[in-house]
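Coordinate inspection notes
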Amino acid sequence: MSMQEEILWQPGPRELTQSAMARYRDWLVQEGHGPFHDYQDLHNWSVSHPSAFWGSIWRYTGVRASRDPDQVLDSTTMPGARWFAGARLNFAENLLRHAIHGNPSEEVVLETSESREDRRLDRATLLARVASLQAWLQEQGVTPGDRVAGVVGNTHEALVGMLATTGLGAIWSSASPDFGVSAIVDRFGQIEPKVLLLTNGYRYNGKVFDRTDQNRELSRQIPGIQRVLSLSMLPELGHPDDSLFVPWETALSAYPKATPIFEQLPADHPVYILYSSGTTGVPKCIVHGAGGMLLNHSKELLLHADLGAGDTFFYFTTTGWMMWNWLASGLLTGARLVLFDGSPAHPDLDCLWSLISRERVTHFGTSAKYLGNCRKADLEPGNTHDLSALRALFSTGSPLLPEDFDWVYHSVKADLMLSSISGGTDICGCFVGGTPLLPVRRGEIQCRMLGVDARAYTPDGRDAGHDRGELVCVTPFPAMPVRFWNDPDGARYRKSYFATYPGIWAHGDFIQFTPHGGAVIYGRSDATLNPGGVRIGTAEIYRQVETIAEVADSLVVGAPHEDGDVEVVLFVVMAPDQTLTPELEKRIRSRIRANASPRHVPARIHAVSQIPYTRSGKKVELAVARMLQGETDAENLGALANPESLQEIARCLALAGQDKSRPARP
Ligand SMILES: CC(=O)CC(=O)O
């Protein structure tokens, strides 16, 4: 495939001289670094002087700490490099710095939800709610290192929950309420939260979802819970009549005069637990540290996104995606946040653009899939809405198609920094993304992020230069996880990132860096499913399918769909004397939808006589995924115990390709 080069947007004088990144570059020069002729120069300096670079971010962004670090970085060895040793700080205190020191009556959060009327919070109210919740959490015995988990929509309570938790030095973890009981138990069951924040229900796409039965089930199945904080998003559903459940209002109203608490802790003290896709069992629990999140998000949001005081930041995300954590970090910059809880297509696909217009959003983020849907629906938001405040648009989840770059510049706004960004849960941030200092080229991510020494590597560990290769990072940066939960010797951590190339972080994306410093991502390099931008582990689907009596075995892969997204394809081996009937297909789908999530539901289900296995007894997803992409993998074939199974799958896919009656995507 040829590399796209067409320039769609050029930074103007404001971006080149007045953007936060331009001002930071000029400040560095005053500090004696540089000179920097262009972004590439700045990036080269940032990765060849990691201590100087990250130390400069600490100072330039004004990190609040009761004790500064003795050392920025103790070694460049991965894994094991330690950042900001000796520092004492608090994550939430840094996020709330504008609330603490700024105008208390300035609006800081607008929450808009399908389930209830809009809520607006000024800085003083946000701070007061955080303090009240902290007092209640302390009463429940929550102390530094404890976990507080939320199954909540993207409402202000999730934000307050996270800030209160991390302010106390406890660890926050969240999931979206559309996840089924077992998907949540797979995650929170491992981290044993002391307090669980649950919503009693929600409205999505005009429909009511009652969560009260699931909530009782969660409180029974997740070990370690001392209290459930129950959120009445739909008052008519009430709260369970159970002393374990405490209504949100009751908890907060018990402490109207509390003052916020910001425990001073080391920089690598954990603040978040996020979850990997779980291809080889239950999801991995990825632990992120305060200093890493703070410094990296400050760099990404202040400098790369050019977000600041006076701006309004709206990322369309659920609480189960790391982009929620990214959105929350927008507070660091002094920007106002827009929290959206509901369907982006209710009452119609225009609703997010109406919100952007109404709230004068300056920075809007979404998934590539959403932009693609708007293009396919022939929306012209730039003509139908006042988008004059909008300056930046972010896209992630899957690669943004060149046609969608065109659509944004044609149908949204011609003068806009369109940042296609990519990184993920593992770093709760980005390897590659946008910058106000470079042009936007069609189909390309603008740049490697500052301080991130990302390269493409060949399978034998050489730098692939401008060829496609494995996305790697060759020097440490602070957003790498501090550890995995329940991984005392770090074996799972090392296996996840350092097994491919010793001492080098391998991310699992297939990437190409362009000669002018941009990047194109071709998808995951392993078999993880990613429909709708939500990363899904195949094991989550096996767990549902293989407990259905009629199914003997199964294999699931992600297949590229013509719209640039991924669709889930399921192969099943039927139990003796069973056939795959339409009724059974329906049952499989509804089980997956109920117990995992709507995003896990397969678009296609095929019956086959055997599933490919490696000689060591592992299902071979990768070879099938590659086949679906029109590639064959001789190495994998050689490792198969039953290679003939792949031929059967190929025949079955060829037949399915001729069958125009296959069901629509869920
Ligand atoms: C920044 C990202 O990479 C987000 C994602 O796709 O998960």
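Conventions and cut-offs
- Residues numbered from 1 in each chain as written.
- Predicted model: local features only at pLDDT ≥ 70, side-chain atom pairs only at ≥ 80, totals over all residues.
- Heavy atoms only, no water.
- UniProt positions renumbered as here; feature names shortened; annotations may be inferred.
- Core = buried A, V, L, I, M, F, W, Y, C linked by side-chain atoms within 4.5 Å.
- Buried < 20%, exposed > 50% of the residue type's maximum accessible area, 1.4 Å probe, protein only.
- Helix = DSSP H or I, 4+ residues; strand = E, 2+ residues; numbered from the N terminus.
- Contact = heavy atoms within 4.5 Å.
- Salt bridge = Lys/Arg side-chain N within 4 Å of Asp/Glu carboxyl O.
- Axes fitted to C-alpha atoms, helices over the stretch in contact; angles between N-to-C directions.
- Parallel < 35°, antiparallel > 145°, perpendicular 65-115°, else oblique.
- Left-handed = near helix turned anticlockwise from the far one by under 90°.
- Nonpolar A, V, L, I, M, F, W, Y, C, P; charged D, E, K, R; others polar.
- Phe/Tyr/Trp six-rings, centres within 6.5 Å; stacked < 30°, edge-to-face > 60°.
- Near = heavy atom within 4 Å.
- Polar contact = N/O pair within 3.5 Å; in protein donor to acceptor, adjacent residues only side chain to side chain.
- Areas by Shrake-Rupley, 256 points an atom, 1.4 Å probe, with all protein chains shown as cover.
- Pairing = 2+ DSSP bridges.

Naming follows an unreviewed UniProt entry, where the protein appears as Acetoacetyl-CoA synthetase of Ectothiorhodospira marina. You can read under Sequence similarities (unreviewed entry) in the UniProt record for the protein the words "Belongs to the ATP-dependent AMP-binding enzyme family."

This part takes up the nonpolar core. Counting residues in each nonpolar core, the largest one holds 150 residues, and the members touching the most others are Met162, Leu163, Phe314, Trp353, Phe364 and Trp505. Broken down by element, this core gets its largest block of residues, seven residues, from helix H12 (residues 290–304). With sequence-adjacent residues up to four places away left out, Trp505 is seen in contact with Met78, Asp426, Ile427, Phe431, Leu471, Val472, Cys473, Met480, Pro481, Tyr493, Tyr497 and Phe498. Residues Val568, Leu584, Ala596 and Ile611 belong to the second largest nonpolar core, which totals 34 residues.

Let's shift gears to the environment of His410. Mapped onto the secondary structure, His410 falls in helix H17 (residues 402–412). Between the C-alpha atom of His410 and that of Ala559, which follows or precedes it by 149 residues, the distance is 29 Å.

Another aspect to go through is the pattern of salt bridges. A side chain with one charge may pair with a side chain of the opposite charge, provided their charged atoms come close. A complete count under the given rule lists 29 salt bridges for this structure. Glu106 serves as the salt-bridge partner of Arg123, at 3.6 Å between the closest nitrogen and oxygen. Taken as a pair, Arg123 in helix H7 (residues 123–139) and Glu106 in the loop between helix H6 (97–101) and strand E6 (107–113) lie far apart in primary sequence, 17 residues in all. Look at Glu106 and you get partly exposed, because its relative accessible area is 33%.

At a minimum axis separation of 8 Å, H7 and helix H8 (residues 156–167) run at an interaxial angle of 60°. By the angle between their axes, H7 is oblique relative to H8. Here H7 and H8 pass one another in a crossing that is right-handed. Taken together, the residues of H8 that come into contact with H7 (itself represented by Leu126, Arg129, Val130, Leu133, Gln134 and Leu137) are His156, Leu159, Val160, Gly161, Leu163, Ala164, Thr165 and Gly167. Per-class residue counts for the contact of H7 with H8 are eight nonpolar, five polar and one charged.

The tally for this structure, following the rule as stated, stands at 37 aromatic pairs. With 6.3 Å between their ring centres and 80° between their planes, Phe313 and Phe394 make a pair best called edge-to-face. Placement of the pair is Phe313 in strand E17 (residues 312–315) and Phe394 in strand E20 (residues 392–396), with a sequence separation of 81 residues. We classify Phe313 as buried; its relative accessible area is 0%. By relative accessible area, which is 2% here, Phe394 ends up buried. Ring geometry for Phe314 and Phe340: centres 6.1 Å apart, planes at 50°, overall tilted. With Phe314 in strand E17 and Phe340 in strand E18 (residues 336–341), this pair connects stretches of sequence that are 26 residues apart. Look at Phe340 and you get buried, because its relative accessible area is 11%. Ring pairing ties together the aromatic residues Tyr24, Trp27, Phe36, Trp45, Phe53, Trp54, Trp58, Tyr60, Trp83 and Phe84, which thus form one cluster.

This part covers unusual backbone geometry. With an omega dihedral of 5°, the bond running from Gly34 to Pro35 counts as a cis peptide bond. Mapped onto the elements, Pro35 comes out in the loop between helix H2 (20–30) and helix H3 (39–48). Cis geometry marks the peptide bond from Met78 to Pro79; its omega dihedral reads -10°. Within the secondary structure, Pro79 is located in the loop between strand E3 (71–73) and strand E4 (83–85). Positive phi, close to 55°, is recorded for Phe84, a residue that is not glycine. Inspection of the secondary structure puts Phe84 in strand E4. The phi dihedral of Arg360 falls on the positive side, at around 50°, and the residue is not glycine. Here Arg360 is to be found in the loop between helix H14 (351–358) and strand E19 (363–367).

So, about the site of the ligand. Every residue close to the ligand is listed here: Trp321, Met322, Met323, Thr396, Gly397, Ser422, Gly423, Gly424 and Gly429. Taking Trp321, its side chain carries an N or O atom lying 3.1 Å from an oxygen atom of the ligand. Alone, the ligand offers 240 Å² of accessible surface; in the complex the protein occludes 96% of this. Mapped by element, the contributors of at least two residues to the shell around the ligand are helix H13 (322–328) and strand E22 (422–424). The class makeup of the residues in the shell around the ligand is three nonpolar, six polar and no charged.

A separate point is the sheet that holds strand E25 (residues 447–448). One open sheet accounts for three strands, arranged E22-E23-E25; its pairing is antiparallel. With partners counted over all chains shown, the strands left at the sheet margins are E22 and E25, one partner each. By the bridge criterion, three bridges tie E22 to strand E23 (residues 429–433) in an arrangement that is antiparallel. Bridge pairing in E23 places Ser422 opposite Val432. Taken strand by strand, H12 contacts E23 and E25, and its axis lies near 40° from that of E23.

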